[in-house]
Amino acid sequence: MSVQDDLTAVERSLDALVQAVGKLQARIGGGLEVRRVRSDTDHLRESLALLKEGLAGAPPGRPAAADDEMVPIPDTPYNSALWTDAEDEGLGAKDRHAP
């Protein structure tokens, strides 16, 4: 079974879940719990769409990554002014001390 077949199966199952929730809502009303389940099914549908979108640009056999680009980190020290007024590992600022 291919990834596309798996995604189609998930879509069908999600459609069946949405229909079942609709029937349940028609029988018991639109209380808070039913609205939450309806909201959850909507989120699942959105998440599945995002997954399909992400996989569409991925090479075959490899899931899409957010960004595979390496980011160089310089070896030079940071500017010490960045750390002015910063607390040191929870020990407090230089002009204060622990009780």
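Keep in mind that what you see is a predicted model, and the values were worked out from it rather than measured.

Here the focus is the packing of helix 1 (residues 3-28) against helix 2 (residues 32-56). Following both chains from N to C, one finds helix 1 and helix 2 inclined at 165 degrees, their axes separated by 10 Å at the closest point. Taken together, the axis directions place helix 1 and helix 2 in an arrangement best described as roughly antiparallel. The handedness of the crossing between helix 1 and helix 2 comes out as left-handed. Only V34, V37, R38, T41, L44, R45, L48, L51, K52 and L55 of helix 2 make contact with helix 1, whose side of the interface consists of V3, L7, V10, E11, L14, D15, L17, V18, V21, G22, Q25 and I28. The residue makeup of the contact of helix 1 with helix 2, split by class, is 14 nonpolar, 3 polar and 5 charged.

In this section: the environment of L24. Turning to its location among the elements, L24 is positioned in helix 1. The partly exposed category is assigned to L24, whose relative accessible area is 45%.

Another aspect to go through is the pattern of salt bridges. With the rule as written, the count across this model stands at 2 salt bridges. Its salt-bridge partner being E11, residue K52 comes within 2.8 Å of it at the nearest N-O pair. Placement of K52 in helix 2 and of E11 in helix 1 is noted, with a sequence separation of 41 residues between them. Residue R45 is joined to D15 by a salt bridge in which the shortest nitrogen-to-oxygen separation is 3.1 Å.

About the cut-offs
- For every chain, the first residue of its written sequence is number 1, and the numbers climb from 1 along that sequence.
- The predicted origin of the model limits local features to residues at a pLDDT of at least 70 and limits the giving and counting of side-chain atom pairs to 80 or more, whereas totals for whole chains, interfaces and linings rest on all residues.
- Excluded from the side-chain calculations are hydrogens and water; all other atoms, namely the structure's heavy atoms, are used.
- Angles here are taken between N-to-C directions and fall from 0 to 180 degrees, while the axes themselves are lines fitted to C-alpha atoms, restricted in helices to the stretch in contact.
- Only DSSP runs of H or I covering at least 4 residues are called helices, and only runs of E covering at least 2 are called strands; the numbering of each starts at the N terminus.
- Any angle between 65 and 115 degrees counts as roughly perpendicular, while under 35 counts as roughly parallel, over 145 as roughly antiparallel, and the rest as oblique.
- Here a crossing is taken to be left-handed if its near helix is turned anticlockwise relative to the far helix by less than a right angle, and right-handed if that turn runs clockwise.
- Should any heavy atoms of two residues lie within 4.5 Å, those residues are considered in contact.
- Residue classes follow a fixed rule: Ala, Val, Leu, Ile, Met, Phe, Trp, Tyr, Cys and Pro count as nonpolar, while Asp, Glu, Lys and Arg count as charged, and any other residue, Gly among them, counts as polar.
- Exposure is judged per residue with a 1.4 Å probe applied to protein chains only, and the accessible area is read against the type maximum: over 50% gives exposed, under 20% gives buried, and values in between give partly exposed.
- Whenever a carboxyl oxygen of Asp or Glu lies within 4 Å of a side-chain nitrogen of Lys or Arg, that contact is scored as a salt bridge.

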